[in-house]
Amino acid sequence: MKITVLGAGAWGTAFGQVLADAGNDVTMWAMEPEIVEGIRDNHRNHVRLPFIEHLPDNMTATGDRAESVRDAEIVVVAIAAQFARVALAEFKGLIPDDAIVVSLMKGIERNTNKRMDEVVRESLDLPAERFAAVSGPNLSKEIALRQPAATVVGCEDLDNATKVAKACTTDYFKAFVTTDVIGLEMCGSLKNVVALAVGMARGAGYGENTAAMIETRGLAELTALGKAAGADPKTFAGLAGVGDLIATCGSPLSRNYTFGANLGKGLSKEEATKVSNGVAEGVPTTDAVVALGDELGVPTPLAYAMSRVLDEGISCAEMLSLLFGREITAE
Ligand SMILES: NC(=O)C1=CN([C@@H]2O[C@H](COP(=O)(O)OP(=O)(O)OC[C@H]3O[C@@H](n4cnc5c(N)ncnc54)[C@H](OP(=O)(O)O)[C@@H]3O)[C@@H](O)[C@H]2O)C=CC1
Ligand SMILES: O=C(CO)COP(=O)(O)O
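Everything numeric in this text was worked out from a predicted model, so none of it was measured. (Residues numbered from 1 in each chain as written. Chains lettered and ligands numbered in written order. Predicted model: local features only at pLDDT ≥ 70, side-chain atom pairs only at ≥ 80, totals over all residues. Heavy atoms only, no water.)

### Structural notes on the nonpolar core
Soluble globular proteins tend to pack their nonpolar side chains together in the buried interior. Grouped together as the largest cluster of nonpolar side chains are 68 residues, with contacts concentrated most on L6, M306 and M319. No fewer than three residues from each of domain 1 (2–179) and domain 2 (189–321) sit in this core. Ignoring anything within four residues of it in the chain, the contact list for M306 reads V193, L196, A197, M200, L263, T286 and M319. (Core = buried A, V, L, I, M, F, W, Y, C linked by side-chain atoms within 4.5 Å. Buried < 20%, exposed > 50% of the residue type's maximum accessible area, 1.4 Å probe, protein only. Domains from an automatic or database assignment. Contact = heavy atoms within 4.5 Å.)

Next up, the structure:
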């Protein structure tokens, strides 16, 4: 198949390599000429995946929007979530009418509080059956090294989910399918907020009990919010839910975990942003999660506590104490 990936960041490039390894012809679209030339001429993305010495030969790149998506059967979007709407507006009318559009993004749009399925479909005027989300425990650097991993592809049309899953299946990358697009979107975006909090606790020197508490209560929070948004609660117990929480909250390869760890060590939000290598989606998503919780009538104590960290600079101990209401409740 002819597949285009919009955005040659760490995950866009690593996923492009998976698609190429699965036998597809892959074209990366990137804004920066330096990245385009690196992939097209030298099979390298020295900015986002400098340790990969040779990207597959059936993977190329262009900076030309129309050329990038011409005849594409699948178009994958891997742009920082807060910029997806503005970036995709430039592709409206260029993407073939029968192409499936796949989002790898994990974030909620600030101000609108919309999920990426909503943002992508609105931006491209796309019917639900042509939109798919991919979400799971997928730390890009591990997958770029072809370490075994699995993910979930969600689309309202199961045949299209299966088509995308087949396109990204290799001997080291396994894709499952679901129709629960909302569940995948909510898992992927909300676990980043939990990873910020766990990272912060680790950075502040706290141990396993604290991390386990944040992860478990975080899972309960994201499940409740997802359910209220229309997701299937079972999705949260799978790869995209618990699976991604385990990977993201336990690895310094996660930008969200590392951002949180830097906050826990005493860096300000601005300082942590400066040293962050790539987008930490949980940072802009946190306030959107709190707003979404208010909108749906679901308490979001963890996201609220993290929003106080990000907006007011409260300490890790203060953030955690906000989670301990004095009222006794059922778990
Ligand atoms: N990295 C990972 O392990 C995983 C990431 N994800 C999700 O995938 C998405 C992309 O992540 P990743 O590739 O790692 O991020 P990176 O930070 O590595 O790259 C971000 C990408 O967004 C692009 N971008 C930013 N602003 C704009 C804009 N205004 N117009 C067009 N493109 C823009 C960047 O382009 P440029 O380089 O030109 O600035 C770059 O290609 C995120 O939502 C992330 O949560 C999901 C699973 C795993
Ligand atoms: O989503 C991820 C792993 O599944 C990557 O997490 P980060 O965006 O925090 O690096």
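Alright, that's what it looks like, and here's the rest.
### What to know about the environment of V18
Counting through the fold element by element, V18 comes out in helix α1 (residues 10–21). Classification of V18 as buried rests on a relative accessible area of 0%. C-alpha of V18 to C-alpha of A99: the two residues are 81 residues apart in sequence and 19 Å apart in space. Filtering out sequence-adjacent residues up to four positions away, V18 remains in contact with I143, C168, T170, Y172 and F173. (Helix = DSSP H or I, 4+ residues; strand = E, 2+ residues; numbered from the N terminus.)

### Some words on the site of ligand 1
For ligand 1, the set of nearby residues contains 24 residues, the closest of which are A10, E32, S140, V279 and E281. Backbone polar atom of G9 to an oxygen atom of ligand 1: 3.1 Å apart, as the coordinates give it. Contacts to ligand 1 include E281, whose side-chain N or O atom sits 2.5 Å from an oxygen atom. When isolated, ligand 1 has an accessible area of 890 Å², and the protein chains bury 88% of it. Taking a 2 Å distance to the grid points as the criterion, the majority of the atoms of ligand 1 fall inside the largest pocket. Of all the elements, α1 adds the most residues to the shell around ligand 1, at 3 residues. Residue composition of the shell around ligand 1, grouped by class: 13 nonpolar, 6 polar and 5 charged. Structurally, the shell around ligand 1 is a two-domain feature, drawing no fewer than three residues from each of domain 1 (2–179) and domain 2 (189–321). (Near = heavy atom within 4 Å. Polar contact = N/O pair within 3.5 Å; in protein donor to acceptor, adjacent residues only side chain to side chain. Areas by Shrake-Rupley, 256 points an atom, 1.4 Å probe, with all protein chains shown as cover. 1 Å grid on protein atoms, 1.4 Å probe; cavity = no way out; pocket = protein on both sides within 12 Å on 5 of 7 lines; lining within 4 Å. Sits in = over half its atoms within 2 Å of the grid points. Nonpolar A, V, L, I, M, F, W, Y, C, P; charged D, E, K, R; others polar.)

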